[in-house]
Amino acid sequence: MLPIMSTASNAPTSPDIGPGWTERLGAELGQAYFTQLKAFLEREHKEFTVYPRGKDIFRAFRLTPFDTVKVVVLGQDPYHGPGQAHGLCFSVPDGVPPPPSLRNIFTELERDLGISQPTSGNLSPWAGQGVLLLNATLTVRAEQAGSHQGKGWETFTDAAIRHLSKGRNGLVFLLWGRYAGQKAELIDLDRHYVLKAPHPSPLSAHRGFIGCGHFSMANELLAAQGSAPIQWQLP
């Protein structure tokens, strides 16, 4: 059972999702779809290994408070290999080799900004600067990509995107791949910037992700608003 998702009688009804997020998303936890999602996750944990760990499910929100978001990167679901998922899309913990999509992200960073390949695939430093690294689905069954899609997470994360769209101005949304691109319909394009490119997966990275220039473009858009650019360099 996921500690933060516990339905035990002594569990909090609205766990701390993250600064600024709990107030906006806490009501979602009482909706019927979320009750069904919790029941599904409890069944999954009894029979399978589920990633990420319970304490990391809402990590993207905790590391990037609502009022600090500058850039949003949308992924689909967590990595499904051992030790890879830790609550941030495309990111892996220190000491875990970067998966192919993340390697292609680093390749584009080097091409776009001349940033050398980092020694770690942990993107937490980006999150700390206001880059919300959000997967549409926040959990996955081990070794089964997409196994928790369509269970309710998308309703929850769509609500997060809508709150950003309505409650903030001048955010830069990086939508990579067809799935992420569909989320543009949730975003007020009169208030925010949307940059689209193919997914950084090896299957599509060389059809337009490599060469998209999104990292420099995001910083230019932030600077034009008087906001500090993201320091994309990683350790």
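See the structure printed just above.
What counts and how
Residues numbered from 1 in each chain as written. Predicted model: local features only at pLDDT ≥ 70, side-chain atom pairs only at ≥ 80, totals over all residues. Heavy atoms only, no water. Phe/Tyr/Trp six-rings, centres within 6.5 Å; stacked < 30°, edge-to-face > 60°. Helix = DSSP H or I, 4+ residues; strand = E, 2+ residues; numbered from the N terminus. Buried < 20%, exposed > 50% of the residue type's maximum accessible area, 1.4 Å probe, protein only. Lys NZ or Arg CZ within 6 Å of the ring centre and 35° of its normal. Expected span 1.5 Å × (residues − 1).

J.: Is there a simple way to think about the packing of aromatic side chains in this case?
T.: We describe a pair of aromatic rings using the distance from one ring centre to the other and the angle between the two ring planes. Summed over all chains, the structure comprises 16 aromatic pairs. With centroids separated by 5.1 Å and ring planes inclined at 85°, the aromatic side chains of Trp21 and Phe66 adopt a geometry described as edge-to-face. Separated by 45 residues along the polypeptide, Trp21 in helix 1 (residues 21–25) and Phe66 in the loop between helix 3 (59–63) and strand 2 (71–75) bring together distant segments of the chain. On the accessibility criterion, Phe66 (0% relative accessible area) is buried. Between the aromatic rings of Phe58 and Phe61, the centroid separation amounts to 6.4 Å while the plane-to-plane angle is 45°, which identifies the pairing as tilted. For the residue pair Phe58 and Phe61, the accessibility class agrees, reading buried in each case. In this structure, Arg24 is placed above the aromatic ring of Phe66, and the distance from its NZ or CZ to the ring centre is 3.7 Å. The ring of Phe48 carries Arg141 above its face, with NZ or CZ at 3.7 Å from the centroid.

J.: Help me understand helix 4 (residues 100–113), please; the structure alone is not making it clear to me.
T.: Because an α-helix packs 3.6 residues into every turn, residues spaced three or four apart end up facing the same way. Compared with an ideal rise of 1.5 Å per residue, which puts 14 residues at 20 Å, helix 4 spans 20 Å between its outermost C-alpha atoms and is within 8% of the ideal. Count one or two residues on from helix 4 and you reach Gly114, which has phi positive near 70°.

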